[in-house]
Amino acid sequence: DGGITQSPKYLFRKEGQNVTLSCEQNLNHDAMYWYRQDPGQGLRLIYYSQIVNDFQKGDIAEGYSVSREKKESFPLTVTSAQKNPTAFYLCASSIMRDTDTQYFGPGTRLTVL
Amino acid sequence: SQQGEEDPQALSIQEGENATMNCSYKTSINNLQWYRQNSGRGLVHLILIRSNEREKHSGRLRVTLDTSKKSSSLLITASRAADTASYFCATEGYNMEYGNKLVFGAGTILRVKS
């Protein structure tokens, strides 16, 4: 999966809890992304970051938050404000924001109990 | 919407046969990419074709792009059971709000029977 790790692989959340998904890359990429994938659907962009200490909302940012304190790390927090968080979450990175190929991590499957 | 739409949604073939998947999109693009996703895993980049290219090959993969029809096709020749996966096209184009952005379609599920 191209030098990107995500943890945990499976995550269970009780209603009302915040949970944080980890994403780390050792590719020295500037840009990082978080996507959400629901069954039978494509990927939807949650947040992206072009550089350390900077990030932008994607198409479905409500109920999520991110930080980018280090180049290698881009954690995603799913807050209690996200009403339907059960999904497969994918982190990706690319050399630059407007450059070609994105490299994906193995994903985290989040289930709300 | 810039989003690519794959066709068919699902495809089942015998090992050794060729598999063709199509992608259509609505706005002008810089490039179009194809990715593969094995069940429960992350996506893997297969091939990228730029807007000024018409055809590209990579091993058993052949991608065509017709910008006049806003469509692309992915051909996998001599398919193998290991090719069983979901295949996504992703279009990169300029979005007023985000700048350059990669937008994924819903994917084609390919099953290769041995």
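As the structure is a computational prediction, the values presented were derived from the model and not from experiment.

Participant: Please give an account of the interface of chain A and chain B that cites residues and values.
Facilitator: Reports of interface size often rely on the accessible area that becomes lost once the parts have come together. Each partner contributes to the interface: chain A provides 25 residues, whereas chain B provides 20 residues. In this structure, the connection of chain A to chain B is made through two residue pairs in polar contact (both at pLDDT 80 or more). Across the side of chain A that touches chain B, the residue classes tally to eight nonpolar, nine polar and eight charged.

Participant: Account for the pattern of salt bridges, naming residues and giving values.
Facilitator: Inspection of the entire model under this criterion finds six salt bridges over all chains. The residue lysine 71 of chain A makes a salt bridge to aspartate 30 of chain A at a minimum N-O spacing of 3.4 Å. Residue lysine 71 of chain A is found in the loop between strand 7 (64-66) and strand 8 (76-78), and its partner aspartate 30 of chain A is found in the loop between strand 3 (19-25) and strand 4 (31-37); the two are separated by 41 residues along the sequence. Residue lysine 71 of chain A is classed as partly exposed on the basis of its relative accessible area, which comes to 24%. The exposure class assigned to aspartate 30 of chain A is partly exposed, which follows from its relative accessible area of 30%. Between lysine 56 of chain B and glutamate 53 of chain B there is a salt bridge; the shortest N-O distance is 3.9 Å. Its relative accessible area of 28% is what places lysine 56 of chain B among the partly exposed residues. What makes glutamate 53 of chain B partly exposed here is its relative accessible area of 25%. Each of the salt bridges in this network shares a partner with another, and the network as a whole consists of Arg36, Asp38 and Arg44 of chain A.

Participant: Which residues make up the environment of isoleucine 46 of chain A, and what values do they have?
Facilitator: Tracing the sequence through the fold places isoleucine 46 of chain A in strand 5 (residues 43-51). Between the alpha carbons of isoleucine 46 of chain A and leucine 27 of chain A there is a distance of 21 Å; along the sequence they are 19 residues apart.

Participant: An account of a nonpolar patch on the surface is needed here, citing residue identities and associated values.
Facilitator: All names here are of chain A. A cluster of nonpolar side chains, Tyr10, Phe12 and Leu113, forms an exposed patch at the surface whose accessible area comes to about 380 Å². The topology assignment puts phenylalanine 12 in strand 2 (residues 10-13). Given the relative accessible area of 52%, phenylalanine 12 is considered exposed.

Participant: Pulling in residues and values, what's your account of the sheet that holds strand 8 (residues 71-76) of chain B?
Facilitator: Residue and element names in this part refer to chain B. Taken together, five strands build an open sheet; the order of strands is 1-3-8-7-6 and the sheet is antiparallel. A strand with exactly one partner marks an edge of an open sheet, and here the two such strands are strand 1 (5-7) and strand 6 (55-58). Each neighbouring strand pair of the sheet contributes to a mean axis angle of 20 degrees, computed without reference to strand direction.

Participant: Explain the pairing of strand 11 (residues 108-112) of chain A residue by residue, including any values.
Facilitator: All names here are of chain A. Relative to strand 11, strand 2 is paired through four bridges, and the arrangement is parallel. What sits directly across from tyrosine 10, in strand 11, is arginine 109. As paired strands, strand 9 (residues 87-94) and strand 11 are joined by three bridges and run antiparallel to one another. When the bridges of strand 11 are listed, phenylalanine 88 appears paired with arginine 109.

Participant: Mind laying out the state of the cysteines, listing which residues take part and the relevant values?
Facilitator: Counted under the stated rule, the structure contains two disulfides over all chains. The side chain of cysteine 23 of chain A participates in a disulfide bridge whose partner is cysteine 91 of chain A; the two sulfur atoms lie 1.9 Å from each other. Linking cysteine 23 of chain A and cysteine 91 of chain A, the disulfide has an S-S dihedral of approximately -75 degrees and is accordingly described as left-handed. Of this pair, cysteine 23 of chain A sits in strand 3 while cysteine 91 of chain A is found in strand 9, placing the two residues 68 residues apart along the sequence. The pair formed by cysteine 23 of chain A and cysteine 91 of chain A is uniform in burial state, with each residue classed as buried. A sulfur-sulfur distance of 2.0 Å marks the disulfide that ties cysteine 23 of chain B to cysteine 89 of chain B. Between cysteine 23 of chain B and cysteine 89 of chain B, the S-S dihedral sits near 60 degrees, and the bridge is therefore right-handed. With cysteine 23 of chain B in strand 3 (residues 19-24) and cysteine 89 of chain B in strand 9 (residues 85-95), this pair connects stretches of sequence that are 66 residues apart.

Participant: Help me get a handle on the environment of serine 94 of chain A, residues and values and all.
Facilitator: All names here are of chain A. Mapped onto the fold, serine 94 is located in strand 9. Overall, the relative accessible area of 0% leaves serine 94 in the buried class. Spatially, the C-alpha atoms of serine 94 and aspartate 30 are 6.7 Å apart, while their sequence positions differ by 64 residues. Those residues in contact with serine 94 that sit more than four places away from it in its chain are His29, Asp30, Ala31, Tyr33, Thr101 and Gln102.

Quick notes on the rules
- Residues numbered from 1 in each chain as written.
- Chains lettered and ligands numbered in written order.
- Predicted model: local features only at pLDDT ≥ 70, side-chain atom pairs only at ≥ 80, totals over all residues.
- Heavy atoms only, no water.
- Contact = heavy atoms within 4.5 Å.
- Polar contact = N/O pair within 3.5 Å; in protein donor to acceptor, adjacent residues only side chain to side chain.
- Nonpolar A, V, L, I, M, F, W, Y, C, P; charged D, E, K, R; others polar.
- Salt bridge = Lys/Arg side-chain N within 4 Å of Asp/Glu carboxyl O.
- Helix = DSSP H or I, 4+ residues; strand = E, 2+ residues; numbered from the N terminus.
- Buried < 20%, exposed > 50% of the residue type's maximum accessible area, 1.4 Å probe, protein only.
- Patch = residues over 30% accessible without salt bridge, like charges linked within 9 Å, V, L, I, M, F, W, Y side chains within 5 Å.
- Areas by Shrake-Rupley, 256 points an atom, 1.4 Å probe, with all protein chains shown as cover.
- Pairing = 2+ DSSP bridges.
- Axes fitted to C-alpha atoms, helices over the stretch in contact; angles between N-to-C directions.
- Disulfide = S-S within 2.5 Å.

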